[in-house]
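# Structure at a glance
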2 protein chains.
Amino acid sequence: MKIQEVSEKFGISTDTLRYYERVGLIPSVTRTGSGIRDYSELDIRRVEFVKCMRGASLPIEVLIEYMALVQQGDATIETRKEILREQRDQLIARMAEMQKTLDILNHKIQVYESKILEKEKKIKIEE
Amino acid sequence: MKIQEVSEKFGISTDTLRYYERVGLIPSVTRTGSGIRDYSELDIRRVEFVKCMRGASLPIEVLIEYMALVQQGDATIETRKEILREQRDQLIARMAEMQKTLDILNHKIQVYESKILEKEKKIKIEE
DNA sequence: GTAACACCTGGAGTTGACTCCAAGTCAAGG
DNA sequence: CCTTGACTTGGAGTCAACTCCAGGTGTTAC
């Protein structure tokens, strides 16, 4: 699969895909003889993983570290697990914050809605 | 309440508090005669609101727009409600993405955990 | 009254994560 | 063979959101 297709499939620009590779987020993608990227199944699974993690704002640095450990094989499993656990905990914390914000937003929207209703009533009475 | 105390109360640096004021996120804080910030109850409620919204990553630009509308009074209620509704919807979408990521993280952690267990078993058998 | 310290301002610098660009290479159609 | 258009690289530029700094003023403890 060439870069253009991967870009469309995941909604990630080709520039970003190349950038991810450059910084080590996706270890060197397979190439054709002449050096053009030709994403393998594995490469695509990696892109998907990164897209998903970035979608939840896991920092690129952490993902780079994680990917490097994956490359190093089974000896790093314990460390990798720790990284994922920490990221998961932070994610849970962020989601809790967001839930609080969501509640406040919903509350404010409700207040606005009833204010708008009041205004409409007043107009009706004045008519 | 002076800036230092507000900073500690909310865990926002004084630089950030001044920055928020500068860009219009918190309309001009009350001052002492000599020009030193002295946050009123209202100012503090505003800081709290902004902190909460920023905690859920609502963009500063949107908050600036919202705050400007609040300043303009009741005529802008409808617009404000729309802004909040849109932000709420985006927040819900982001939380859904994060939930997916969380599920994957949990799954991966489980897989790692069972791999570690297997390794331990092997060691026991070899003993 | 003076030293030490918190506060002020405008503006420059930093960080993370892209995003764009120039200059060059390759592959397919006519 | 030559053009057209997608691909390559390294490096520079951009953007949001801070964060830091220099140079100046205010305020409190001794």
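Before reading on, note that the structure itself is shown above.
Calculation rules
- Residues numbered from 1 in each chain as written.
- Chains lettered and ligands numbered in written order.
- Predicted model: local features only at pLDDT ≥ 70, side-chain atom pairs only at ≥ 80, totals over all residues.
- Heavy atoms only, no water.
- Helix = DSSP H or I, 4+ residues; strand = E, 2+ residues; numbered from the N terminus.
- Rg over C-alpha atoms; globule rule 2.2 N^0.38 Å.
- Buried < 20%, exposed > 50% of the residue type's maximum accessible area, 1.4 Å probe, protein only.
- Contact = heavy atoms within 4.5 Å.
- Areas by Shrake-Rupley, 256 points an atom, 1.4 Å probe, with all protein chains shown as cover.
- Lys, Arg positive; Asp, Glu negative; His and termini not counted.
- Charge placed at Lys NZ, Arg CZ, Asp CG, Glu CD.
- Least-squares fit on C-alpha atoms with pLDDT ≥ 70 in both.
- Near = heavy atom within 4 Å.
- Axes fitted to C-alpha atoms, helices over the stretch in contact; angles between N-to-C directions.
- Parallel < 35°, antiparallel > 145°, perpendicular 65-115°, else oblique.
- Left-handed = near helix turned anticlockwise from the far one by under 90°.
- Nonpolar A, V, L, I, M, F, W, Y, C, P; charged D, E, K, R; others polar.
- Expected span 1.5 Å × (residues − 1).
- Core = buried A, V, L, I, M, F, W, Y, C linked by side-chain atoms within 4.5 Å.
- Domains from an automatic or database assignment.
- Polar contact = N/O pair within 3.5 Å; in protein donor to acceptor, adjacent residues only side chain to side chain.

### A look at the overall build of chain A
A count of helices and strands for chain A gives five helices and zero strands. Listed N to C, the secondary structure of chain A is α-α-α-α-α in terms of helices and strands. On C-alpha atoms alone, chain A measures out to a radius of gyration of 23 Å, which is more than a quarter above the 14 Å that the 2.2 N^0.38 rule sets for 127 residues. Taking the principal axes of the C-alpha coordinates as reference, chain A spans close to 80 × 35 × 20 Å. Among the 127 residues that make up chain A, the fraction classed as buried is 38%. Sequence separation of 24 or more characterises 44% of the internal contacts of chain A that already satisfy a separation of 6 or more. If you sum the accessible surface of chain A, you get close to 7,800 Å²; carbon and sulfur atoms cover 51% of it. Once the 22 positive and 22 negative side-chain charges of chain A are each reduced to a mean point, those two points are 2 Å apart.

### Overview of the relation of the copies chain B and chain A
Once chain B is rotated about the relating axis by 180° and shifted along it by 0.0 Å, it coincides with chain A to within an RMSD of 0.2 Å. One copy is carried onto the other by what is essentially a two-fold rotation axis. Taking C-alpha positions as reference, the residue of chain B nearest the rotation axis is B:M95, located at 3.4 Å.

### Some thoughts on the protein's contact with DNA strand C
Around DNA strand C, the surrounding shell holds 18 residues, and the nearest of these are A:Y20, A:R54, B:Q4, B:R18 and B:R37. A share of 70% is what sugar and phosphate atoms reach among the atoms of DNA strand C within 4 Å of the protein. The set of elements that each furnish at least two residues to the surface near DNA strand C consists of α2 (14-23) of chain A together with α1 (3-10) and α2 (14-23) of chain B. With five residues, the single largest contributor to the surface near DNA strand C is α2(A).

### What about the packing of helix α5 (residues 77-126) of chain A against helix α3 (residues 41-55) of chain B?
The contact between α5(A) and α3(B) brings their axes to 8 Å, and the two run at 120°. On the basis of the axis angle, α5(A) is oblique to α3(B). Classified by chirality, the crossing of α3(B) by α5(A) is left-handed. Between α5(A), through A:E97, A:T101, A:I104, A:L105 and A:K108, and α3(B), the contact on the second element is made entirely by B:F49, B:C52, B:M53 and B:G55. Each residue belonging to the contact of α5(A) with α3(B) can be placed in one class, and the counts come to five nonpolar, two polar and two charged.

### Considerations on α3(B)
With 15 residues, α3(B) ought to run about 21 Å at 1.5 Å a step, and its terminal C-alpha atoms sit 21 Å apart, in line with that. For α3(B), the complete set of buried residues consists of B:D43, B:I44, B:R46, B:V47, B:F49, B:V50, B:C52 and B:M53. Buried-residue contacts for α3(B) involve α5 of chain A together with α1, α2 and α4 (60-71) of chain B. Looking one or two places after α3(B), you find B:S57, whose phi comes out positive at around 65°.

### As for the nonpolar core
Counting residues in hydrophobic clusters, the biggest one holds 64 residues, and the most contacted among them are A:Y39, A:V47, B:Y39 and B:V47. Taken domain by domain, this core gets at least three of its residues from each of domain 1 (1-71) and domain 2 (75-127) of chain A. Excluding residues within four positions of it along the chain, B:Y39 makes contact with B:M1, B:K2, B:I3, B:V6, B:L17, B:E21, B:V29, B:T30, B:I44 and B:V47.

### Looking at the protein's contact with DNA strand D
Inspection of the region around DNA strand D gives 19 residues, with A:Q4, A:R18, A:R37, B:S34 and B:R54 positioned closest. For DNA strand D, the fraction of protein-proximal atoms (within 4 Å) that sit in sugar or phosphate groups is 69%. Interatomic distance of 3.2 Å between a side-chain N/O atom of B:D15 and a base nitrogen of DNA strand D. Among the secondary structure elements, those contributing two or more residues to the surface near DNA strand D are α1 (3-10) and α2 of chain A together with α2 and α4 of chain B. Counting residues per element, the surface near DNA strand D draws most heavily on α2(B), which supplies five residues. Of the residues contributing to the surface near DNA strand D, the split by class is six nonpolar, four polar and nine charged.

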